[in-house]
Amino acid sequence: MSVEFRKDLFADERDDDLNEIGKPTQRQDMLGHVTGRSPFYDDHLFEGLLHMRCVRSPHHHARIRSIDTSEAERLPGVKKVIVGSDVPNNLNALLSLLDFGLDDEPLLSDKKVSYKGEPVAAIVADSERIARDAVAKVRVDWEVLPHVLDVEEAIKPGAPSVNGAYPANKFIYHGKYDHQKLRYGDVDAALRQADHVIEGRYQMSPIEQAPMETCGAIAAPETNDRFVCYTATQGLFFSLGTAAKLLDLSSARLHFIGGTVGGGFGGKVDSLHEPLAILGCMLTGKPCKYMFDREDEMQVGAPRGAERWYITDGVMNDGHIVARKFIGYFDAGAYTRLSSYAIIKGAGHLPGPYTIPNVYADIYCVYTNRTPATAMRGFGITGVDFAIENHMDKVANTVGIDPIELRILNAYRDGDMKAHRREAKNTALIECCQVAAEKSGWQTSDWVKQQSSLSGGGGERGQLPTHTATDQHGFVQDGQSGSYGGGSKRQEKSAYAETAAARAAPPAAAPPLRSMPVAQPPTQPARTPEPVQSAPAPAPATGPTAEPPQPQTRRSPARFSSISGLRRR
Amino acid sequence: MSKHRGKGFACINYPIGMNLGGDPSQALVHSNPDGKFMVALSSIDLGQGMKSVTRQIAAETLGVPVEDVYVDTADSDTGPHCMGSFASRGTHRVGNAVIQASQEARAVMLEAAAEEMEVNAADLMTDGKGNIHVKGAPSRSITTMEAAQAAQFKQGKTVSGRGIFLIPLSDVDPDTGEMTPVSCFAHAAMIVEVEVDDETGEIEVIEMNSSYEVGRALNPRLVEQQLTGGAWMGMSHAAWETTEPYYPERDHGPVDFNHYLMPGPGDIAPHNIAILERPAPDGPYGGKGPGEMCANPVLPAVVNAVFNAVGVRIDDLPVTPEKVLRGLQANGGAQPQARR
Amino acid sequence: MAQKPVQFTLNGEDKAAFASDGQNLLDMLRRGVGDLSPKYGCGQGACGACTVLIDGEPCLSCLTLAETVDGKDVATTSGLSSGSGIHPLQDAFMRNFAAQCGYCTPGMLMAAKALLDRNPQPSRDDVVEAISGNLCRCTGYEPIINAVLEASRSGASQPNG
C-alpha cells in the first residue's frame, strides 16, 4: 500500500501554496467516531418509542383482492395498522421533484404488487417483536399474476405489464421515444467500412449498497404541531419534500435532522422510511421508528440495478475505433425511482473517454417484477464502464495492439468533440494511463510515453460530424407529458452550428468515413493518413522515426490562487 | 493443475455532479462574537468527509485557521437547501456554495476591520492565523476576533454570508442525445494483477497499481480514504458481490453477510496509488469528487486480468469460480496470454 | 412480559436494569442504560458493529441475551477513553484515518482491544484474524489494520493506555 502525489503533472495549472486546501487536516468528525459519540439517527432515544414493520408481498406480481388486518389489530401492543388508504397522497416518483418521471409508486400498495417484498401494510407496535408477530397475522387475499424478470423478455409484445404508468414496461423519454437515443455521425456506414467489427454482450450484476447502518428514520411530535424526523437519508430536503408530498403536509410542519450517516453508497436516497415513520407518528401521536433490518436491506432495499449492454465496434487495422454502437437495458425493477435519470447520465458518458467519430446508443429503462433499483456509487456509469473497458481489451486483442496503447490511441484529448456535442476540456486520461503503466512496470512504447492530453486534440477532432443519421424508431404516440423533457420550456439552442439537414435525412451518397487519428504509434502500420489537425500535424507515422505530435497552442489553463490573499502560512 | 498470474488494465473518466445540472446546494456562514465561524449546511456526511472538506474550504476562503470553523450538517430548520450527497456532487456543488458564502462573510469582516483600523478594506488581507493586516505592513493588524466584535457590538453588522451553487438544468435533444452533461470529469487508470487457480476456478487479487486524477486533493488524507476504500469496493463488485446470483432469476438471494460476500481484511491486496491533480476550472479550488469513480476501473481490470492469466473472458459479473471453470472447460484448459 | 433484573458493571461502573423476555444485550445497553456506542448493523451476528467485551472476551451483543451478563463486567467503546485522554487505539485510529462513516468503528475498536489485551505484539496476520468478524464498508480495511499495529507498538495493551 502506497500513495504518491504526482505534483509534477499539470503543475502549471495549480497553485499548491494555499493555507488550508491540500493539507492533511484531521476529519472534523473523527474524534466522535473513535469515541462512539457521533450521533447517528438511531442514537436519539425517545420515551415510549413505537416500532414499525411492513407486511410484504410474497409474490413477484399479484393483485390485492383484500387485506384483513383485524386479527393483527387485536394483538396486544399493536397501536395501528396502516394501509394504502391511510396515505394521503399514495403515489409518487422520487424524481417528480425534478419533473423527471410520472408518479408510479405507492408508499403502501393497495391494488397490486409488482415485486416480491413490496409493502402493503405497516404495523405500528410497542416493540419490534410485537410488530413482527402482527405482520404474520395480516391476511392478504392475493390473485397471483404472471411475472417477468428479464429485461429483454419484459419488452417483448405480450409480456406482463409491470408498471401501470408505463404499460409497455419501458420509460418514455422526452414524451417521444421508448428509449434514450444518442446519435453522432453514421455508425452503420462506418461499420461497413471498418476492417474489424467486434461485438460483445455484458451483464452487470445487481449490487447491494450494504452500508453498515441500515436505512431508517424516527419521527416524533414536535411543538407547534410539527414533526421532527431523525433520518439516515443522503438527501435531507429530498426526503423532506417526498414526505411532504406523500403525506400532503406543508413542509413548514417538518423538521428533518440527519447529516451523520453510517454509510450510504446511494442506498439512502429513496425516502421510504421518513414518510412512513411520520405517518405512524401522525396516526398514533407517539414517536415512531421505521428501520430496515439487514434482511430487508438486502432484499427489499433498492439495489444498484442490473444492466445489460451490447457493444459493436468498428475498428481499423491500426487500432482506431471508427464506430461504436450500444444497445443498453437498465433493469429498473418495478418502479422508476432514479433509473430513468441514470440512463441519461449514462448516455452523456458514451462512448467512454474516447474520441470516436461515429457513436450510436439506444438505452432502455425497463420495468421488471423485481425490487426497484436505485442509486449506487458510480450510478449510471459503473456498469457501462465495465462493458466498455472489457470490450476495449477484446479490441486490443483482435487487432494485436497493447491494451494501453489502444486506449491512448483512441483517448479523448482537450479540444475534441464528444458524442453529446460538447467540447472535451480538462482531460487527463492519457496521463493516468501512463502513470499506472509506470507504477505496474507494464512496458509501453516511447510513443505512449510521449502522448499528452494537452496536445493532439481539437482541429478536425473538434468538429461535429458532417452527417448524423437519425431515426424515429421507438416513437411513442401520445407520449406522456410527465416524462422528462416533455415540455418545450427548456428547449435551448444547440451550442454548435449543426444544420438540421446534417441531422436529418441521410445524404444521397454514403458519408465519408471519418477517422480521427492522432499520431500513429511507431509500431503500427499507418493507414488512411488523412489530414486531421489544423495545428502542426504529426507526421503520419511510417516508421520508427515518427515524431510525437507537438503540443498545439496551449489553451490557457485555469490557475487557482489563494482567495484569502496570502499563500502559505 | 496450477495457478496462473495475469495483469489487466482499464481506464475511465467520471462525470462530477448530477449529470444535467439543476441540482443546487446552499450554504450559510456566520461568525460568533469571537470571530469563530459556523457553516450551516443541510448536506449529508455519510463518511465521505463532507463536514471536513467544507470546513477546509471555508477556512481557506475566509482566511482563518481551520480550528476557527465548524460545520454543522443537516438540520432542515437551520441548514439551507441542498440536493443531497450523491452523484459525486458534494465537494463540487457544496464546496462552491461554501466559497460564495465565505467570500460574503469575509467581505463584511474586512469592512469591519477597515472601519476599525481607519483604512480601506481593499488594502487588507488575512494571514490565515486569525489576523487581518494591511497589505505589505503586517504590523498594522487586528485579530479576526477584534474585527468580529467591532462588527457586532460597535458597528451593528452581521459577519455572515450566503452561498448557492447551481448549474442550470440542461435540455436533452430526444433525437440525438445532445446535452450539456456535467462540467468536469475525474479520471483513473488501474492495473490489477490476479492469480487464477485453474483447478478451483478461484481468483485472488495480488496487487493493484492505479492512478487517479481528482482535480485537486483538497485534503490528501480524505482522498486517500476514498481511493483505498473505493478500489476495495470495486474489487468486491468484480468478484464477490451480487444480490441475485442467478440473475435474472431471483432465487438464492442473500439475506445476511454470510451469503452476501465481500472481501475481508485477509482478502485485500496491496494497492499502490498515484494521485494526479488537474484542477477543474469550475471546481472549488479545482477539486473534483473522487468518491464514486474510484471503484469503476477495478471491475473491468479484474476480468481483463483473468483473461490475461488463463484466456477466459468473463462478461457477466461477478467473476465466480463456477464461471471461470466453465470458461476453462470450454477452452480446453488454461490459455495464458502474453505476460506483462 | 416477564422482566428480569440484571446487575453488571459497564466500563467499571455498577449498573442495574430490567431485561425483558428475550431482550438482547445490545438493546439493553443502548435503551436500558443509554450506552449508544455499540451499533446495530445486522442483528445476525455477522457484522461485528455491536461487539463489546464481556469479562474481557469480545462478544456480539446482538446475539447475547441481556440477562446473561448478570454479575459480569461489560466494556464498550464509551469506556475506552478515561477523563480527557483517549486510548492509544483510538489515537492510532485517528492518526491512520481508519474511519470514514464511523459506524463500524466502536465494534472494531473493541475487537482490536481484545486482541491487544491478550497479545500485545500481534503480527499483521493476528490483526487480520482478530478483526475478521467486523465488517467495514468504507475503508478497505488497510488503514484499520495499520492502526491496530501502530497501537500495539505504542503500548495500547496497558489498561487505559
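Enquirer: Would you mind showing me how to read the overall build of chain B here?
Expert: When helices and strands are counted, chain B shows six helices and 11 strands. For 340 residues, the compact-globule estimate of 2.2 N^0.38 gives 20 Å, and chain B exceeds it by more than 25% at 26 Å. The C-alpha extent of chain B, read off along each of the three principal axes, is 85 × 45 × 40 Å. Counting the 340 residues in chain B, one finds 64% classified as buried. Partitioning the intrachain contacts of chain B with sequence separation of at least 6 by distance along the chain shows that 76% fall at a separation of at least 24.

Enquirer: Even after reading the chapter, I still don't get the pairing of strand β4 (residues 69-73) of chain B, so can you show me in this structure?
Expert: Working note: regular strand, side chains alternate between the two faces of the sheet. Residues and elements named next belong to chain B. Here β4 shows one buried face, formed by Val69, Val71 and Thr73, and one open face, formed by Tyr70 and Asp72. With five bridges connecting them, strand β3 (residues 37-41) and β4 associate as parallel partners. Residue pairing across strands places phenylalanine 37 opposite valine 69, the latter belonging to β4.

Enquirer: Got a minute to help me understand the sheet that holds strand β9 (residues 196-204) of chain A in this structure?
Expert: Through backbone hydrogen bonds, the strands of a sheet pair up, either in parallel or in antiparallel fashion. Residue and element names in this part refer to chain A. Strand order across the open sheet formed by five strands is β8-β16-β15-β14-β9, with mixed pairing between neighbours. Sheet topology places β8 (180-184) and β9 at the edges, where each strand pairs with a single neighbour. Here the average twist between neighbouring strands, direction ignored, is 5°. Where β8 lies against strand β16 (residues 359-367), five bridges are found, and the strand directions are antiparallel. Within β16, the position partnered with lysine 181 by the bridge is aspartate 362. Here helix α10 (residues 382-399) sits on the sheet and contacts β9, β14 (307-315) and β15 (321-333); the angle it forms with β9, its principal contact strand, is near 145°.

Enquirer: Is there a simple way to think about the environment of proline 265 of chain B in this case?
Expert: Looking at the element boundaries, proline 265 of chain B is found in the loop between α4 (220-239) and β11 (271-276). For proline 265 of chain B, a count of 22 C-beta atoms within 10 Å puts it in the buried group.

Enquirer: Sorry if this is basic, but what is going on with the nonpolar core here?
Expert: Side chains that are nonpolar tend, in soluble globular proteins, to be buried together. In terms of nonpolar packing, the biggest core is built from 316 residues, with Ala121, Ile123 and Ala277 of chain A together with Val302 and Val306 of chain B touching the most fellow members. The greatest single-element share of this core, amounting to 12 residues, is contributed by helix α2 (residues 90-117) of chain B.

Enquirer: Explanation requested: the environment of lysine 113 of chain C in the structure shown.
Expert: All names here are of chain C. Mapped onto the elements of the fold, lysine 113 is located in helix α3 (residues 105-118). Residues lysine 113 and lysine 4, 109 residues apart in the sequence, show an inter-C-alpha distance of 30 Å. Excluding its chain neighbours within four sequence positions, the residues that come into contact with lysine 113 are Leu53 and Leu89.

Enquirer: Can you help me understand the sheet that holds strand β5 (residues 124-126) of chain B in this one?
Expert: Residue and element names in this part refer to chain B. Taking strand neighbours across the sheet as the criterion, the three strands line up as β5-β6-β7 in an open arrangement whose pairing is antiparallel. The open sheet terminates on both sides in strands that have one partner only, identified here as β5 and β7 (137-143). Strand-to-strand twist in this sheet, taken as the mean axis angle between neighbours without regard to direction, amounts to 35°. One ladder, built from three bridges, connects β5 with strand β6 (residues 131-134); its direction is antiparallel. Of the residues in β6, the one forming a bridge with methionine 125 is histidine 133. Packed onto the sheet, α2 meets β5, β6 and β7 and runs at close to 110° relative to β7. Contacts from helix α3 (residues 144-155) reach β6 and β7, with the element oriented near 50° to β7.

Enquirer: Any chance you could explain the domain arrangement of chain B here in plain terms?
Expert: It is common to give the size of an interface as the accessible area lost on bringing the parts into contact. Residues and elements named next belong to chain B. Segmentation of chain B into domains returns domain 1 (3-16 + 184-331) and domain 2 (25-165). Relative to domain 2, the C-alpha centre of domain 1 lies at a distance of 39 Å. Listed by partner, the interface residues are 14 residues for domain 1 and 15 residues for domain 2. Considering only residue class, the side of domain 1 that touches domain 2 consists of six nonpolar, six polar and two charged.

Enquirer: Teacher, can you tell me more about the environment of lysine 7 of chain A here?
Expert: Residues and elements named next belong to chain A. Within the fold, lysine 7 resides in the loop between β1 (2-5) and α1 (30-34). C-beta crowding within 10 Å serves as the criterion here: with 14 such atoms nearby, lysine 7 is assigned to the partly exposed category. C-alpha separation for the pair lysine 7 and serine 161, spaced 154 residues apart in sequence, amounts to 56 Å.

Quick notes on the rules
Residues numbered from 1 in each chain as written. Chains lettered and ligands numbered in written order. Predicted model: local features only at pLDDT ≥ 70, side-chain atom pairs only at ≥ 80, totals over all residues. Helix = DSSP H or I, 4+ residues; strand = E, 2+ residues; numbered from the N terminus. Rg over C-alpha atoms; globule rule 2.2 N^0.38 Å. Buried ≥ 20, exposed ≤ 12 C-beta atoms within 10 Å, placed from the backbone. Contact = placed C-beta atoms within 7 Å. Pairing = 2+ DSSP bridges. Axes fitted to C-alpha atoms, helices over the stretch in contact; angles between N-to-C directions. Core = buried A, V, L, I, M, F, W, Y, C linked by C-beta atoms within 7 Å. Domains from an automatic or database assignment. Nonpolar A, V, L, I, M, F, W, Y, C, P; charged D, E, K, R; others polar.

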